[in-house]
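A look at the structure
Okay, here's what each chain looks like letter by letter:
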Amino acid sequence: MDEVLYWKALNLALDAEMEADESVFVLGEDVGLYGGSYRVTEGLYAKYGEWRVRDTPISEGSFTGLGVGAALVGMRPVVEIMTINFSLLALDAIVNMAAKVPFMSGGQFPMPLVVRMPGGVAKQLAAQHSQRLEQMYMNVPGLRVAVPSTPQDAWWQLRQAIRSDEPIVLLEHELLYFSKGPLDVEAKAPPMHRAQVRRDGEDLTLVTYSRMVDLSLRAAERLAEEGISVEVVDLRSLRPIDWESCARSIAKTHHLLVVEEDSRFAGAGAEIAAELAERCFFELDAPPRRHGGEELPIPYNGTLESRCIPSVSSIAGAARALLGGKQPGETP
Amino acid sequence: MDEVLYWKALNLALDAEMEADESVFVLGEDVGLYGGSYRVTEGLYAKYGEWRVRDTPISEGSFTGLGVGAALVGMRPVVEIMTINFSLLALDAIVNMAAKVPFMSGGQFPMPLVVRMPGGVAKQLAAQHSQRLEQMYMNVPGLRVAVPSTPQDAWWQLRQAIRSDEPIVLLEHELLYFSKGPLDVEAKAPPMHRAQVRRDGEDLTLVTYSRMVDLSLRAAERLAEEGISVEVVDLRSLRPIDWESCARSIAKTHHLLVVEEDSRFAGAGAEIAAELAERCFFELDAPPRRHGGEELPIPYNGTLESRCIPSVSSIAGAARALLGGKQPGETP
Amino acid sequence: MERETKVSMLYDMLLARAFEERAAREYTQGNIAGFLHLYPGEEAVAVGVLHAAEPSDYVVSTYREHVHALVRGIPPDAVMAELFGKRDGCSRGMGGSMHLFDRERRFMGGYAIVGETYPVTLGIAYAVAMRELPEAVICFFGDGAVNQGTFHESLNMAALWKLPILFVCENNHYQIGTEIHRHSAVAEVYKRACGYRIPARRVNGMDVLAVYQATQDALRHIREGTGPQFLEFETYRFRGHSMADPGTYRPKMEVQAYESTEDPVVVAIEETLQHYPTPEQIAAAGPDSIARMTTHMNDGGLLSAQELDRLKARAEEIVERAVEFARRSPEPTMEEARAALECNRGAEVLL
Amino acid sequence: MERETKVSMLYDMLLARAFEERAAREYTQGNIAGFLHLYPGEEAVAVGVLHAAEPSDYVVSTYREHVHALVRGIPPDAVMAELFGKRDGCSRGMGGSMHLFDRERRFMGGYAIVGETYPVTLGIAYAVAMRELPEAVICFFGDGAVNQGTFHESLNMAALWKLPILFVCENNHYQIGTEIHRHSAVAEVYKRACGYRIPARRVNGMDVLAVYQATQDALRHIREGTGPQFLEFETYRFRGHSMADPGTYRPKMEVQAYESTEDPVVVAIEETLQHYPTPEQIAAAGPDSIARMTTHMNDGGLLSAQELDRLKARAEEIVERAVEFARRSPEPTMEEARAALECNRGAEVLL
Ligand SMILES: Cc1ncc(C[n+]2csc(CCOP(=O)(O)OP(=O)(O)O)c2C)c(N)n1
Ligand SMILES: Cc1ncc(C[n+]2csc(CCOP(=O)(O)OP(=O)(O)O)c2C)c(N)n1
Ligand SMILES: [Mg+2]
Ligand SMILES: [Mg+2]
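About the criteria used
Residues numbered from 1 in each chain as written. Chains lettered and ligands numbered in written order. Predicted model: local features only at pLDDT ≥ 70, side-chain atom pairs only at ≥ 80, totals over all residues. Heavy atoms only, no water. Least-squares fit on C-alpha atoms with pLDDT ≥ 70 in both. Contact = heavy atoms within 4.5 Å. Donors = N, O, S within 2.8 Å, 3.2 Å for Na, K, Ca; no water. Helix = DSSP H or I, 4+ residues; strand = E, 2+ residues; numbered from the N terminus. Buried < 20%, exposed > 50% of the residue type's maximum accessible area, 1.4 Å probe, protein only. Buried area = accessible area lost by both parts, 1.4 Å probe. Salt bridge = Lys/Arg side-chain N within 4 Å of Asp/Glu carboxyl O. Polar contact = N/O pair within 3.5 Å; in protein donor to acceptor, adjacent residues only side chain to side chain. Nonpolar A, V, L, I, M, F, W, Y, C, P; charged D, E, K, R; others polar.

The next point concerns the relation of the copies chain A and chain B. Superposition of chain A onto chain B requires a rotation of 180 degrees combined with a translation of 0.0 Å along the rotation axis, giving an RMSD of 0.0 Å. Such a turn and shift between the copies fits a two-fold axis. Of the C-alpha atoms belonging to chain A, the one lying closest to the rotation axis is found on A:Ala274, 2.1 Å away. When you check the interface residues of chain A against chain B, 100% turn up at the interface there too, and the contact is symmetric in its surfaces.

Below you can see the structure in the form of structure tokens.
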């Protein structure tokens, strides 16, 4: 099986869908001539021309809304918002329009809109450019949110999103674009929102998503050497969430740790932990815990930046603390 | 003690602060000549003139950003966004600017900005005008969020917000504006973010906020007749949250029900339940539960609308189910 | 122009007025709820514009869109049932007054967040242009909506990519209670189009024939592939902003000044009222855009008094029937609400 | 204009160039990270505008703001230390390259979300107008930023309320890789101000004296209380959009065409490079806005070759010292980060 970069998997997915269906088109800032800030749309402008690969002005609210309008008449727009930080300018289009129009019309209109955006803490991009914001998209009935963590999932989930007639937000992570992984373009995709157990374990269920999957797997390896067996569940989707897969794991391990990059307070992990605490209350042998980022905007300084989000060792520490019944802070 | 309407308490608070401090000014759509959509700014235009009570064009993003700029130079702007639904257009100003500039500048600038907005499900305003969205403001380090549920709190918390040098979002509820309650303008305010036990009880801690406080109190009354004793905690603030007050109550009742008007999935209740599940895990005799709205945009039809959010009887039902160990759906 | 077209336009204006007046009455009786934004006074705009459009054109509107919907051909029954929140409403009771939709008639919706009509229009027009179809997209918005950022962003893109869009500003001089000189630095709305080099004109929106003519011209240019056009129609709403608004912010003198040229009596009623005027009061109120058209047709010998009465009676009857229909239509169920949300799920397996 | 002013402007341009080139070098060596947007080529704009401003005026800028900060008087030490993310940076290491702030010098920040500078400016100017002070607020933005909705919203309010704002467009013809004709329906940016009736001019942004003059004129009008003014400066950035951008999207011919009138050699280097040119290459590159000013002063007998060398040497030395300062400055701590967030808590009890 080929190994490809995450951005390349997305690029292949776009190409495959554009090839297969003329109603698919992509738009966003510098997606065309320039080839995309993270190369995701590379080569498409030359192949499909400017109407299907549209460079836009810096007008996030309106070009995302353009996607909504085009979707109403059966086009399949794939809007790229250069980073999730700018998507605050497009929220009206996503939340008030894309998610609501099919419903408000009594079910008359399709909404095959995909909004892709990179996000997360990258490398010293400072507070305005380091947001995670997943939770903003989770509380919106009518939206679906996917968070691929591997090239294979990027390929599968972007194609599934384009083919779906519902509006879907695809959250990519800036630091994943240049990560490598196997890609089997022939393999049959699991349902788009199915969680995936990335590592089996017995002692603790670690539920996470996006870039934190990789860090969690590395923490699990480290813990394995200490005799602690961690099961890592990659959610792959934040709306809906595949509760059964999580609950099944907890029924086995009786311990839950949720790991997220975002600030802990009211981040995506809140829903995950709250629901699982309720569902699995009698299965749990210890309080369900969330390990997330600091309650701070991200500082520019590199050392502080990395201290503001979970790391392999802080994740391992949180797992040990949970199993040892101590506070995360108490464990070195 | 006088009984006043909620909107009037807000109006008095604005008047008192504008009188006391020339740097306080209010702005928003129709706040001046027209007197405010919900009368909150009534009479202020005549008294303070157009520079201190500024009618704006329909430009939410920029007039909220105007508030940010004015706050940087020591003014105390009170921005009214006509309803929270339109605040999606102002999120960049609130999240990327107001909450981050003091931090990003290394602590050089004040940000005495208040953004007030009504929200919630009112009376058949349909999906675009019935959003709650509290959770969007909770996951933002650097912001504070207050949710007054009584005229007294409206008076206290708006004044505290204006006097604070930090940016504060004040979420009012459209259906509370014309609710009445006692107002003692001389009484000393509790800390702005302190939760308040509105009713003492022994069997169950019900944590809620805003309009759901009143419904919960009525449900508690009904339950009292059945011999179920419910303690109702009004959070008053959604960032920060006064965890101690909640935990104290749970230590007594050993049962937690979180009630919110918003759709349950990833609503404000997620953070409340997740944190308390972790903190109070060993105190709880039953799974912590959330009772919230349906996972639907709000339908226009009145009957369906009211079925989409908690009611006195659905809250009572959820409490009974929790104590009886049954699913809410199973109890009539 | 054919006599038939004129009669049909007059009829649509009469129907519009009758429909809105009746909606106001049903509102005060509790059969309609929520925000209800009425159109009396502005009928010439919707009627003139939409009569000049083709069925293959698309229409995107705001929360003040009942009349756009009616003129577009959505049955009054379905519109009224929607205002009642019933299952047979054109949005199945899910959308209500501010969110009328009809896919078949290319009525792409009423949008209630000011400024949303621009990008929706942009997207539809983008699809049309990409598919090289001879269709146009008509985008309605008010004078207040012109100050929303999406106006600027969307007009720029529309002009840049030469999209087939007719921008239609219904300038009634008010953004709820804020008069245009207090919300816009340049109160001649059509001049705002200059920043995008979009051809723009200001037209008397109380004259349905002028509206029709201007729209025809603009649509012809659009179909020639020269890009968007912009029309500002000066008009006036006779009522408060919505049924929740008494409209007392408008100085009596101003209302009267406007009336003296356009509608000398009807509006005077308004500002003294917290409640909507009775149909009798309105009927007694005299000439406005409807009266103007009536006079024009009388003078030209195109319509007898009897014929006019017959048109009015038909309009009243249609509205009466619509109310009856709406009343009888069942309420939608929670299952239908869920189905509306999941209408695009298809065979897709979610989990 | 006094000789002194001219010398000082030339020196600031030299310092700006030296500072940015050195920043580029430090970036490639890993001492600076994140996005780094450099200013070479555009120096005449910042220098001309800010020399014409008063210390009591406010400045609001973007992510491409190092030079605005320097010319405004923030010590190069503090700017460089901020780029290094250190405690003695002008934002204490919390903001970085895109977020320079200096309250004392009324440098109200670099904003990195395109379009934010408008409303921030609006708010400061609102406060100034309300307090009836003789101050102005200078708002910088690029040609790409003109299409953000806040541009429109804010210009309308600025004009409506006659706020003391100088809007300064640094038109370098590119929005990252998208050339102005592909992002704006009207490429003459100053014409976009017509929709708000804001007086606007286009000025050669490669000529520091023209920039200075135009700014003085505009500020004089603003101080007379006539409301906002708008200046478009045509300029060109010699480098990629940021250090992450090789700039290969610009056709060689285009770059050369621009150079032939303004900067015939220097830019040619750029598009062949993934990496930043060496200081030697740039130095060898010949006349641009700096060279133009140098020639002007030579021709007028205002500056000898020796004096020029001395200015250059001083600039280099200052930059060298700034790097040294930045290197030695300690890293901020987590406690300092928390204190920065809570800087406005004061004695207030939160719970
Ligand atoms: C973004 C947004 N802000 C505010 C409102 C509240 N609002 C509804 S209609 C309206 C006035 C619109 O005026 P105009 O565009 O002139 O249209 P008109 O109602 O006069 O037809 C306002 C402020 C809204 N719906 N959306
Ligand atoms: C809202 C928003 N969208 C996109 C970006 C990414 N971005 C940063 S700079 C830039 C181009 C800005 O071009 P221009 O305004 O001409 O300024 P220049 O960089 O040329 O000085 C873009 C698209 C952003 N920072 N903010
Ligand atoms: Mg209007
Ligand atoms: Mg530029």
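So, about the coordination of the magnesium ion (ligand 4). Residues and elements named next belong to chain D. Every protein donor of the magnesium ion (ligand 4) is accounted for by Asp143 (OD), Asn172 (OD1) and Tyr174 (O), and the metal-donor separations fall at 2.0 to 2.1 Å. If you list the donors of the magnesium ion (ligand 4) from N- to C-terminus, the spacing comes out as D-x28-N-x1-Y. With Asp143 in the loop between β3 (137–142) and α6 (149–160) and Asn172 in the loop between β4 (165–171) and β5 (174–175), this residue pair connects regions lying 29 residues apart in the sequence. By relative accessible area, which is 1% here, Asp143 ends up buried. In this structure Asn172 comes out as buried when scored by relative accessible area, which is 5%.

Here we take up the interface of chain D and chain C. In this assembly, 23 residues from chain D lie in contact with 23 residues from chain C. With both sides pooled, the region where chain D packs onto chain C buries about 1800 Å², and carbon together with sulfur makes up 49% of that total. Of all residues in chain D, D:His152, D:Ala185 and D:Arg197 give up the largest surface area on contact with chain C, accounting jointly for 30% of the area buried on that side. Between the two partners, chain D and chain C, sit two salt bridges. The salt bridge partner of C:Arg197 is D:Glu188, with a shortest N-O separation of 3.0 Å. The interface formed by chain D and chain C holds 14 residue pairs in polar contact (both at pLDDT 80 or more) in total. Those elements that place two or more of their residues in the side of chain D that touches chain C are α6 and α7 (180–183) of chain D. If one sorts the elements of the side of chain D that touches chain C by residue count, α6(D) sits on top with seven residues. Classifying every residue of the side of chain D that touches chain C by side-chain character gives eight nonpolar, nine polar and six charged.

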